[in-house]
Amino acid sequence: MARSGPALKLAAPLKVLAQRLAFTGLLGASVGLMVMAKAEAPIVERARMLVADAVVPVLDAVGKPIDTAARWVDTARHYADVHEENRRLREENLRLLHWQQVARNLEAENRALRDAQRVTTEPGLTFVTARVVADAGGAFVRSVLIAAGARDGIAKGQPALVPDGLVGRVGETGERAARVLLLTDLNSHVPVQIEGTRDRAILDGDNSDQPRLVFLSSGAKPQIGDRIVTSGDGGVFPPGLPVGIVVQTGDQGVRVRPFVEFHRLDAVRIVDYGLAGALPVGAPPPQPRRAR
Amino acid sequence: MVGAALAQLDRSLKQALPLILTALIALLSVVPLPIPEYAVLAPNLVLICAFYWIVHRPDLFPAWGAFAIGLFDDALSGAPLGLNAFVLLVVHATITGQHKFFRGKAFWLIWASFAVLSAAVAVATLLLVFIVMKVVAAPGLFLAQLGLTIAIYPAAAALLGRIQRLFLPGG
């Protein structure tokens with residue numbers, strides 16, 4: 001294969017030059033992309049979700065055995081304290097039966113009051129349950145990728161919930177994948193209120209585990225242990241969704257520990273409350289169905 | 001005829017192995033594990049893999065490969081698009097520029113170089129994130145992740161070395 005002659009002598013520096021040019025071009029392209037990402041160009045989001053759409057089936061398949069293994073570990077752990085659990089559940093059951101009675105009374109009272117005031121009831125909400133297939137870490141983003149997208153009726157801005165409480169909101173949607181921005185992400189700002197006092201505030205993520213309460217209404221004195229729920233201001237989240245509990249007050253600022261354990265998310269429920277809010281519309285009306 | 005074609009396919013696949021493997025690791029490293037803080041503290045496996053191959057088989061890990069894998073990683077992880085592409089390109093240029101230095105060097109020296117380079121990558125990422133997102137990422141987390149990444153390198157390099165000897169002997 002050994003070749004020699006003037007052609008090779010000329011080819012070598014040309015090759016180096018071509019490589020340098022290609023490298024500079026690629027470097028320029030990556031800088032250009034970052035600039036576009038900074039300007040939040042829609043094409044960047046589309047490109048990102050295109051990749052997500054392509055890999056979601058693979059991630060979904062890879063994640064399933066891990067989920068199963070985690071469930072086995074959980075099951076084994078539960079067997080160990082099944083008696084204790086039973087006792088606890090019996091007590092809880094008694095307490096809940098009491099609450100059920102309270103709820104029935106309230107429901108009846110509510111109905112009576114609504115009838116008296118001729119209040120129109122809210123339209124029924126629809127939801128999609130989707131598996132969490134990718135967990136994007138890094139010290140600057142807190143988001144998860146879910147295996148459901150626009151074709152399942154998911155649209156930007158919709159809240160993501162688990163039974164424990166609010167997880168975050170949909171930040172980007174692809175055809176069959178969507179990215180959910182967690183409460184702890186830097187770009188997450190959720191209008192909340194302190195349950196009980198109804199003092200308003202914004203829950204600001206800062207990539208730590210415990211987001212901060214900012215813009216507290218004047219005179220508000222949050223106490224450690226106060227429950228934080230959504231306030232419904234801004235029209236993104238409906239009011240009353242459980243968010244977290246105050247764990248720190250004082251000069252260091254007020255911090256809230258979310259009810260949701262983000263590392264244990266295996267599925268989330270994306271809910272359409274029919275709140276258009278300040279968010280772009282355009283997605284088809286969602287139907288309640290289960291996406292894998 | 002068929003034999004020759006198969007041999008050619010085999011050779012092409014083996015030569016694409018470093019890129020395929022790194023892309024696969026980028027994909028697998030976003031699979032959620034039920035471990036607290038794992039997503040935040042997870043070592044930068046993509047950097048480890050890319051570093052290993054660029055040092056040991058630069059011919060099979062071209063600059064465009066570093067760019068493409070960086071972009072893929074950005075799209076998956078939700079980082080600003082272009083961030084990891086930029087970082088991996090600079091890593092690529094740094095290593096290939098010092099290629100003579102790495103040739104036949106003792107393992108601990110390569111490890112030390114990796115430590116220095118990954119620290120530089122962490123600082124560069126912090127800076128870029130600050131510029132692009134106006135965000136000061138939690139430095140404690142960065143340090144923890146960096147420590148883990150450096151600590152895990154020997155084990156990862158041993159594994160990658162095995163793969164290299166198995167599929168790409170003589171390289």
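Note that this is a predicted model, so its numbers are computed, not measured.

As for the overall build of chain A
So, point 1. Of the regular secondary structure elements, chain A holds 3 helices and 13 strands.
So, point 2. Considering only contacts within chain A whose residues lie at least 6 apart along the sequence, 60% involve residues at least 24 apart.

Some words on the overall build of chain B
So, point 1. Secondary structure summary: chain B contains 8 helices and 0 strands in total.
So, point 2. The order of helices and strands in chain B, counted from the N terminus, is α-α-α-α-α-α-α-α.
So, point 3. Its C-alpha atoms give chain B a radius of gyration of 17 Å, within 12% of the compact-globule value 16 Å for 171 residues.
So, point 4. Projecting the C-alpha coordinates of chain B onto the three principal axes gives extents of approximately 60 × 35 × 30 Å.

Examining the domain arrangement of chain A
All names here are of chain A.
So, point 1. What the domain assignment reports for chain A is domain 1 (42-117) and domain 2 (126-291).
So, point 2. The centre of domain 1, based on its C-alpha atoms, is set 15 Å off from the matching centre of domain 2.
So, point 3. Counting from both sides, the interface comprises 11 residues of domain 1 and, opposite them, 14 residues of domain 2.
So, point 4. Its residues assigned to classes, the side of domain 1 that touches domain 2 comprises 5 nonpolar, 1 polar and 5 charged.

Focus: the environment of L213 of chain A
All names here are of chain A.
So, point 1. Relative to the helices and strands, L213 is located in strand β8 (residues 212-214).
So, point 2. In this structure L213 comes out as buried when scored by C-beta crowding, with 24 C-beta atoms within 10 Å.
So, point 3. Taking C-alpha positions, L213 is 7.0 Å from V256, a pair spaced 43 residues apart along the chain.
So, point 4. Leave out the neighbours within four places in its chain, and L213 touches A201, L203, P222, V254 and V256.

A short note on the nonpolar core
So, point 1. Of all hydrophobic cores here, the largest spans 100 residues; its most connected members are I146, V167, V180, V243, V268 and I270 of chain A together with A50 of chain B.
So, point 2. Here the element with the most residues in this core is helix α3 (residues 45-56) of chain B; it accounts for 10 residues.
So, point 3. Composition of this core by domain shows at least three residues from each of domain 1 (42-117) and domain 2 (126-291) of chain A.

So, the interface of chain B and chain A
So, point 1. Taken together, the contact between chain B and chain A spans 40 residues of the former and 39 residues of the latter.
So, point 2. Counting residues per element, the side of chain B that touches chain A draws most heavily on helix α4 (residues 63-77) of chain B, at 7 residues.
So, point 3. Across the side of chain B that touches chain A, the residue classes tally to 35 nonpolar, 4 polar and 1 charged.

Examining the sheet that holds strand β9 (residues 227-230) of chain A
Residues and elements named next belong to chain A.
So, point 1. Judged by pairing direction, the barrel is antiparallel, and its 6 strands sit side by side in the order β6-β7-β8-β11-β10-β9 before closing back on the first. The average angle at which neighbouring strand axes cross in this sheet is 45°, direction not considered.
So, point 2. Bridge count between β9 and strand β10 (residues 242-248): 3 bridges; the pairing is antiparallel. Bridging across to β10, R227 finds its partner in I245.

Side note on the pairing of β9 of chain A
So, point 1. Two strands pair when backbone bridges link them, and strand β6 (residues 189-194) of chain A and β9 of chain A are joined in this way by 3 bridges, in the antiparallel orientation. Within β9 of chain A, the residue paired with Q193 of chain A across the bridge is V229 of chain A.

Overview of the pairing of strand β4 (residues 165-173) of chain A
All names here are of chain A.
So, point 1. With 8 of 9 residues buried, β4 lies mostly within the body of the structure.
So, point 2. One ladder, built from 4 bridges, connects strand β3 (residues 159-162) with β4; its direction is antiparallel. Bridge pairing in β4 places V162 opposite G165.
So, point 3. Hairpin connection, β3 to β4: the antiparallel pair is bridged by 2 residues.
So, point 4. Pairing of β4 with strand β5 (residues 178-182), which is carried by 5 bridges, proceeds in the antiparallel orientation. Considered in β5, the bridge of R169 is made with L181.
So, point 5. Hairpin remark: β4 followed by β5, antiparallel, with 4 residues in the connecting loop.

A closer look at helix α3 (residues 82-117) of chain A
All names here are of chain A.
So, point 1. Relative to the 52 Å expected for 36 residues at 1.5 Å per residue, α3 spans 49 Å between its end C-alpha atoms, a close match to the ideal helical length.
So, point 2. Of all the 36 residues making up α3, 0 are buried; the element is thus mostly uncovered.
So, point 3. Positive backbone phi, at 55°, marks R118, one or two positions downstream of α3.

Observations concerning the environment of L160 of chain B
Residue and element names in this part refer to chain B.
So, point 1. Its location among the elements puts L160 in helix α8 (residues 139-167).
So, point 2. Of the residues examined, L160 has 21 C-beta atoms within 10 Å and is grouped as buried.
So, point 3. Sequence separation of L160 and L21 is 139 residues, and the distance between their C-alpha atoms is 9.6 Å.
So, point 4. When near neighbours in sequence (up to four residues on either side) are disregarded, L160 contacts C49 and Y52.

Rules behind the numbers
- Residues numbered from 1 in each chain as written.
- Chains lettered and ligands numbered in written order.
- Predicted model: local features only at pLDDT ≥ 70, side-chain atom pairs only at ≥ 80, totals over all residues.
- Helix = DSSP H or I, 4+ residues; strand = E, 2+ residues; numbered from the N terminus.
- Contact = placed C-beta atoms within 7 Å.
- Rg over C-alpha atoms; globule rule 2.2 N^0.38 Å.
- Domains from an automatic or database assignment.
- Nonpolar A, V, L, I, M, F, W, Y, C, P; charged D, E, K, R; others polar.
- Buried ≥ 20, exposed ≤ 12 C-beta atoms within 10 Å, placed from the backbone.
- Core = buried A, V, L, I, M, F, W, Y, C linked by C-beta atoms within 7 Å.
- Pairing = 2+ DSSP bridges.
- Axes fitted to C-alpha atoms, helices over the stretch in contact; angles between N-to-C directions.
- Expected span 1.5 Å × (residues − 1).

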